[in-house]
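Commentary on secondary and tertiary structure
The chain contents come next:
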Amino acid sequence: MQATWGKRSSRLFGALAVALAGLLTSAEGKAADEAAFERDLAEQIQKLDPEAAKLFAEANAARERNDLAGAAELYEKVRAQVPKFSAATRRLCTVKLHQGARDEAVALCRKALATEDVAENKAALAQALLMRPQGASPNTSEQREAFELASSAAARKPDDKFAQLLLCESALQYSRFDQLRSCSRALERIAPTFAPTYLYASMVDASEGKLGEAVEKLERAKSLGIDDQTYTSLKGQYEEAMPFYERYGTTLLYGFLGWLVGLAALLGLGGLLSKLTLRAATAVPKSADENATGADKWLRRIYGVVLWACCAYYYISLPIVMSLVLVAGGGIIYGFVAIGRIPVKLVAIVAIFTLVSLWAMLKSIFFRPKESEPGDKLDLAEHPKLRAVLEEVAGRIGTRPVDNVYMTPTTEVGVFERGGLLRQLTGRTERCLVLGAGVLDGFSIGAFKAVLAHEYGHFHNEDTAGGGFALAVRRSVFTMALSLAQGGAAAWYNPAWLFVNGFHKIFLRISQGASRLQEVLADRWAAFAYGAEAFTEGLKHVIDRSIRFDVHTQVALSEVIQEKRALANLYRYRVRGKTPEEAEIEKAIDEAIHAEPSPYDSHPKPADRFAWVNALPKRAIEVSPDDTLEVWALFESRAKLEKQMTQKIREAVAMNHGVIIPAGKPKAKKKDEAEEETDEAEEQAPEAAGAGAGSGA
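What about the sheet that holds strand S4 (residues 430-436)?
- Pairing is mixed across the open sheet formed by four strands, whose spatial order is S1-S2-S4-S3. Of all strands in the sheet, those with a lone pairing partner are strand S1 (376-377) and strand S3 (413-418), marking the two edges.
- Where strand S2 (residues 404-408) lies against S4, five bridges are found, and the strand directions are parallel. Bridging from a neighbouring strand, Met407 pairs with Leu435 of S4.

Remarks on helix H4 (residues 50-64)
- Here H4 contains 15 residues, and its C-alpha end-to-end distance of 21 Å stays within 8% of the 21 Å for a straight helix at 1.5 Å per residue.
- By the burial criterion, the buried members of H4 are Ala52, Ala53, Leu55, Phe56, Ala59, Asn60, Ala62 and Arg63.
- Downstream of H4 by one or two residues, Asn66 has phi in the positive range, about 65°.

Regarding the packing of helix H3 (residues 34-48) against helix H6 (residues 86-99)
- Where H3 meets H6, the closest approach of the two axes is 10 Å, and the angle between their N-to-C directions is 125°. If you check the angle between H3 and H6, you find them oblique. Here H3 contributes Phe37, Glu38 and Leu41 to the contact with H6, which in turn contributes Ala87, Arg90 and Arg91.
- In terms of residue class, the contact of H3 with H6 is built from three nonpolar, no polar and three charged.

Looking at unusual backbone geometry
- The backbone of Asn66 sits at a positive phi, close to 65°, despite the residue not being glycine.
- Its location among the elements puts Asn66 in the loop between H4 and helix H5 (68-81).
- Positive phi is not limited to glycine here, since Lys564 has a value of about 55°.
- Relative to the helices and strands, Lys564 resides in the loop between helix H23 (532-562) and helix H24 (582-594).

Some points on the pairing of S4
- Counting buried residues along S4, seven of its seven residues qualify, which places the element largely inside the surrounding structure.
- The side-chain alternation of S4 yields two buried faces, one formed by Glu430, Cys432, Val434 and Gly436 and the other by Arg431, Leu433 and Leu435.
- Here six bridges tie S3 to S4, and the two strands are oriented antiparallel to one another. Following the sheet pairing, Arg418 is matched in S4 by Glu430.

Brief notes about the nonpolar core
- One finds Phe56, Phe85, Leu180, Tyr200, Met203 and Tyr238 to be the most contacted residues of the largest nonpolar core, which totals 72 residues.
- With eight residues, the top contributor of residues to this core is helix H8 (residues 119-130).
- Not counting residues within four places of it along the chain, the set of residues in contact with Phe85 comprises Leu41, Gln44, Ile45, Leu48, Phe56 and Val78.
- With 66 residues, the next largest nonpolar core counts Val389, Tyr571, Ile585 and Phe610 among its residues.

Brief notes about the state of the cysteines
- All chains considered together, the criterion is met by two disulfides.
- Bridging Cys168 to Cys183, the disulfide has an S-S length of 2.1 Å. In this structure the cystine formed by Cys168 and Cys183 twists about its S-S bond by roughly 130°; its chirality is therefore right-handed. Residue Cys168 is found in helix H10 (residues 161-173), and its partner Cys183 is found in helix H11 (residues 177-190); the two are separated by 15 residues along the sequence. Considered together, Cys168 and Cys183 belong to a single accessibility category, that of buried residues.
- By sequence-ordered numbering of the bonded cysteines, the protein has its disulfides arranged as 1-2, 3-4.
- Summary of cysteine pairing: Cys310 is not part of a disulfide, and the nearest cysteine sulfur, belonging to Cys311, is at 5.8 Å.
- The buried category is assigned to Cys311, whose relative accessible area is 1%.

Calculation rules
- Residues take numbers from 1 onward in each chain, read along the sequence in its written order.
- Thresholds applied to this predicted model are a pLDDT of at least 70 for local features of residues and 80 or more for the giving and counting of side-chain atom pairs; totals over whole chains, interfaces and linings are not thresholded and use all residues.
- The basis for the side-chain values is all heavy atoms of the structure; hydrogens and waters are excluded.
- Strands were regarded as paired on the criterion that DSSP finds at least two bridges between them.
- Secondary structure elements are taken from DSSP: a helix is a run of H or I of four residues or more, a strand is a run of E of two residues or more, and numbering for both begins at the N terminus.
- To estimate how far a helix should extend, the number of its residues minus one is multiplied by 1.5 Å.
- Relative accessibility thresholds used throughout: buried, under 20% of the residue-type maximum; exposed, over 50%; partly exposed, between the two (1.4 Å probe, protein chains only).
- Each axis is a line fitted through C-alpha atoms, and for a helix only the stretch in contact is used; angles between axes span 0 to 180 degrees, taken between their N-to-C directions.
- Here the word oblique covers every angle except those under 35 degrees (roughly parallel), over 145 (roughly antiparallel) and from 65 to 115 (roughly perpendicular).
- Every residue pair with non-hydrogen atoms within 4.5 Å of one another is taken to be in contact.
- Charged means Asp, Glu, Lys or Arg here, nonpolar means Ala, Val, Leu, Ile, Met, Phe, Trp, Tyr, Cys or Pro, and polar covers whatever is left, Gly included.
- For this analysis, a nonpolar core means a set of buried residues of the types Ala, Val, Leu, Ile, Met, Phe, Trp, Tyr and Cys, connected via side-chain atoms within 4.5 Å.
- A pair of sulfur atoms, both from cysteines and within 2.5 Å, is called a disulfide here.

Spatial relationships are all this shows, so hold off on functional conclusions.
Structure (structure tokens):
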């Protein structure tokens, strides 16, 4: 490897010869103790010829002020008067180099060395031989001679900065990196603040493949005054020769650490806001007429900003994660190539794994699933009593009623809005209520109104509007996770899977914290509109029926499938087999009410919600005589809707489990519409079937 880097360095540094030559010509005769060196020369020529000594001093002064023509003329006069004084010939040589007369300079330096065999003359001749007109090809014999002369000069004067500098340059041009290392270390010892010291040290590091250290020393040389052209040229060549990971490794590492810090900061903010939410939830308004959102608007706004930042961070993170996947997959494959043994099957698996991960992330960005209906849309014209209740509750909350109601087979109660940004800004969104058939059995209209007021409170507080960005991120996270799982890439060692899991938790912690605050404020609207008692009754009913309905559904479907029976109406089906004890069900309900929420839950603990709404200031509530009736009284055809929802359940069982459950043959209609079209089992009194907690309540 050393030989490889030696050849590479020879190519890298050759272009710098002309730039470095400027350092050499300007440094001629600069000994470790320059003043002492100049005094010695002055004493020598003073002894030989006092008149010539004056001319030599004038020549030196002319050279210092860059009067090259005047200096050359004066040095010629000194040479004529004192031929044995080789310093004049040597300095005339360096002046000619500055004037561009290289051949004449080489001849003069040879004369100086022939006159006196001293280290300074050898160094001057080596310097003249190394200098070439710009664009001229190197002369190998001259390079070898210059190296030998410089080596001899440096050996005679190991503490001379110029001699060591010249040796470094000749070693560089002659590709003697062993000597380059030696003279570089000598320069570090005798000239630690000299810019070329670190310039040559960086070249030594580069020749050994230590390009990172080479760049550091080059930066030090730049800070000490190396010229911009040399610095730019050499740094560019270093970076070009660097492997990608070494060139950008530090930057990427700091970027990655900063990215992790950002994620940790978002998680910390989520935790802090959750605590503030709890504090806001327990703060009781002073008046029943106080706006349900007034004191907490600032907290909701902060939540909005943090949630937006979290969503933006998700999209910023995707290119980083894609890079990590590429680096991980590509690094494994490169490792096999480097060791010279390529297990084809394993490489294929890694490649497929990488491609699946990348495709999952790209799909999560650009794929937008088609919105499906959340349930069966009800024609409100066929249910005027239901529509009247919807409008009544909207009027009490002071918001627009829902446009559509969708019925589902389960126990959902929740609201959402459809429409883009323009429709949100103009207030023309489609407001939807999702209502589970399983929650309606035994649900009083008064309690239902309170739960519906809670849902309308979300509309009033604009909880359901303006969430397009968060919804897009939630959809993207789900799409990525699903694609990774389907592609077999959902593994702990996959950066994409680690990210989607980790971000999902962070996103939930932040967004669900905001949701908890929204739930508390919506609870207040319900309590102010219909009373804390009605809302407590409604929420307890939703929890109670969710557990009972789940138990009923599981037992009923198991019985129907095992006994190969028909199922026309799940909601009126009487289970004949063994069912859980009532005490077990009551225990499950009590546990659900008092269960402590995790940091990722969207709703506070129900028991706390009951306590908070009952602590609110009381106000007079207008009660309707129909409030004690069951919610099913608001619908015109209960049996028809129950059978319709049962059909949805049969279809789901067939799709997910491949089991076909027959609906049974309808019987002749009876006068009582409540008994229409039931099979033998369903003619029995309907068993208490549960209802479920919906996403909104």
